[in-house]
Amino acid sequence: MREGHEGTGPGAITPDGCAVELYSRLTAGAEPDIIEAAVPAGARILELGSGVGRMTHPLLERGFTVTAVDESAEMLARVRGARTIRSTIEELDLGETFDVVMLASFLVHTGDAEERRAMLRTCAAHVADGGCVLIQREGADYHTKVPRERVDPGGYTVRILSAEPVGDGVNSVRAEYEFPDATWTQTFLARPLTREQFEEALAEAGLEVAEYLTEDGIWVKAVPAA
């Protein structure tokens, strides 16, 4: 288990506290629609941190070709129809480029600043000329509007129970996922980033914002800097 990360609940738990069975149950929501609208039809997508394929499978159904990367063999074992590669994001070096590189699940907010830099360098290294990087950011009130909860149409409740400072601008976030038959928790380290800080992090990796895809600024389309 990575330092500062923890997971509880039935089944296998990955090093960052994610429960494999939990992520197999989570719905994709509107995210595949946002991605589909932002990129060319049939694009080759490199999905970094794919997990069990929560977004992989809807993207395949929409006609995209997906290479799914995750560090967990248990997660990748549940991916169907995509090329899978077991690797951490920061160490990935495929020697090829893709129309779209996707870094979702708020991974850009990792508490380890050097890990974030390495993730963004991986994104920049694998995006083709004329391609783009799609990044999912935290909402503006993610760390301040706590506790909070939402009931998903899939029939489960997601709660952010706390976001406590642990130093160096990093918070320890505790989330709970309650289903009728099981409950999981995940504790992880996350670094809030203002829009300016986020754009500075992109620039450090040779990327720049092309467009904020959603009104709340959570989904971003970035491209190699001119």
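First things first, this report covers the structure right here in the doc. (Residues numbered from 1 in each chain as written. Predicted model: local features only at pLDDT ≥ 70, side-chain atom pairs only at ≥ 80, totals over all residues. Heavy atoms only, no water.)

1. Structural notes on the environment of arginine 150
The criterion, for reference: Going along the chain from the N terminus, every DSSP run of H or I of four or more residues is numbered as a helix, and every run of E of two or more is numbered as a strand. Exposure is judged per residue with a 1.4 Å probe applied to protein chains only, and the accessible area is read against the type maximum: over 50% gives exposed, under 20% gives buried, and values in between give partly exposed. N or O atoms within 3.5 Å of each other form a polar contact, as long as, within protein, one can give a hydrogen and the other can take it, and as long as residues adjacent in sequence are counted only when both atoms are side-chain atoms.
Counting through the fold element by element, arginine 150 comes out in strand S7 (residues 148-151). Classification of arginine 150 by relative accessible area gives partly exposed; the value is 44%. Each C-alpha atom of the pair arginine 150 and leucine 48 lies 26 Å from the other, and the pair is 102 residues apart in sequence. Polar contacts involving the side chain of arginine 150 include one to the side chain of aspartate 152, which spans 3.0 Å.

2. Side note on helix H2 (residues 31-38)
Keep this limit in mind: Think of the arc as the fan of directions from the helix axis to the C-beta atoms. Throughout, a contact is declared for two residues whenever any of their heavy atoms are within 4.5 Å.
Among the residues of H2, Glu31, Pro32, Ile35 and Ala38 are the ones counted as buried. Each buried residue of H2 sits inside an arc of 130° when the element is viewed along its axis, so together they form one side. Looking at the buried positions of H2, the neighbouring elements they touch are strand S2 (44-48), helix H3 (56-61), strand S5 (98-103), strand S6 (127-136) and strand S12 (219-224).

3. A closer look at the environment of leucine 189
Within the secondary structure layout, leucine 189 lies in strand S10 (residues 183-190). Looking at leucine 189, the relative accessible area reads 24%, which means it is partly exposed. Distance in space between the C-alpha atoms of leucine 189 and alanine 77 is 26 Å, their sequence separation being 112 residues. Contact partners of leucine 189, with chain neighbours within four places excluded, come to Glu3, Gly4, His5, His109, Thr110, Gly111, Val166, Val170, Asn171 and Ser172.

4. Side note on the nonpolar core
Defined as follows: Note on terminology: a nonpolar core comprises buried Ala, Val, Leu, Ile, Met, Phe, Trp, Tyr and Cys residues joined through side-chain atoms within 4.5 Å.
One finds Leu48, Leu103, Leu120, Val133, Ile135 and Phe198 to be the most contacted residues of the largest nonpolar core, which totals 25 residues. Those elements that provide at least two residues to this core are S2, S5, helix H5 (113-126), S6, helix H6 (195-204), strand S11 (207-212) and S12. Other than its neighbours up to four places away in sequence, phenylalanine 198 contacts Val108, Ile135, Arg137, Leu193, Val209, Tyr212 and Val220. By size, the runner-up hydrophobic cluster in this structure holds 21 residues, among which are Ala163, Val173, Tyr177 and Trp184.

5. Comments concerning the sheet that holds S2
The criterion, for reference: Only strands that DSSP links by at least two bridges are regarded as paired with each other. Throughout, an axis means a line fitted to C-alpha atoms (over the contacting stretch in the case of helices), and angles, computed between N-to-C directions, take values from 0 to 180 degrees.
If you trace the seven strands from one edge of the open sheet to the other, you get S4-S3-S2-S5-S6-S12-S11, paired in mixed fashion. Every other strand in the sheet has two partners, leaving strand S4 (83-86) and S11 as the edge strands with one partner each. Recorded for the sheet is a direction-independent mean angle of 25° between the axes of neighbouring strands. As judged from the five bridges shared by S5 and S6, these two strands associate in the parallel manner. Looking at the pairing, phenylalanine 98 lines up with valine 127 of S6.

6. Details of the pairing of S7
Sheet analysis places S7 next to strand S8 (residues 157-167), joined by four bridges and oriented antiparallel. Paired with valine 151 across the two strands is threonine 157, which belongs to S8. In this antiparallel pair of consecutive strands, S7 and S8, the connection spans five residues, and glycine 155 shows a positive phi of 95°.

7. A few points about the layout of surface pockets
Threshold: Of the two site types, the cavity is a set of points on a 1 Å grid over the protein atoms alone where a 1.4 Å probe fits but cannot get out, and the pocket is an open set with protein on both sides within 12 Å along at least five of seven lines, each lined by residues with an atom within 4 Å of a point. Grid points are joined across faces, edges and corners, and a volume is the space filled by probe spheres set on the points.
If you add up the space inside the second largest pocket, you get close to 180 Å³. As for the second largest pocket, its lining consists of 13 residues, and the residues nearest its centre are Glu138, Gly139, Ala140, Asp141 and Leu193.

8. Quick notes on the packing of aromatic side chains
Counted only if it meets this: Each Phe, Tyr or Trp ring (for Trp, its six-membered ring) is paired with any other whose centre lies within 6.5 Å, and the angle between the two planes then decides the class: stacked below 30 degrees, edge-to-face above 60, tilted in between. Whether a charge sits over a ring depends on NZ of Lys or CZ of Arg being within 6 Å of the ring centre and within 35 degrees of the ring normal.
What the rule picks out here adds up to three aromatic pairs. Each ring, one from phenylalanine 106 and one from tyrosine 142, has its centre 5.6 Å from the other, and the planes form 55°; the classification is tilted. Highlighted residues: phenylalanine 106 in the loop between S5 and H5 and tyrosine 142 in the loop between S6 and S7, separated in sequence by 36 residues. Residue classification places phenylalanine 106 among the partly exposed positions, given a relative accessible area of 27%. Between phenylalanine 179 and tryptophan 184, the aromatic rings sit 5.6 Å apart at their centres with planes inclined by 90°, giving edge-to-face as the arrangement. Of the aromatic side chains, those joined through ring pairs into one cluster are Tyr156, Phe179 and Trp184. Across from the ring centre of phenylalanine 198, 4.9 Å away, lies the NZ or CZ of arginine 137, which sits over that ring. The ring of tyrosine 212 carries the charged tip of arginine 195 above its face, separated from the ring centre by 3.9 Å.

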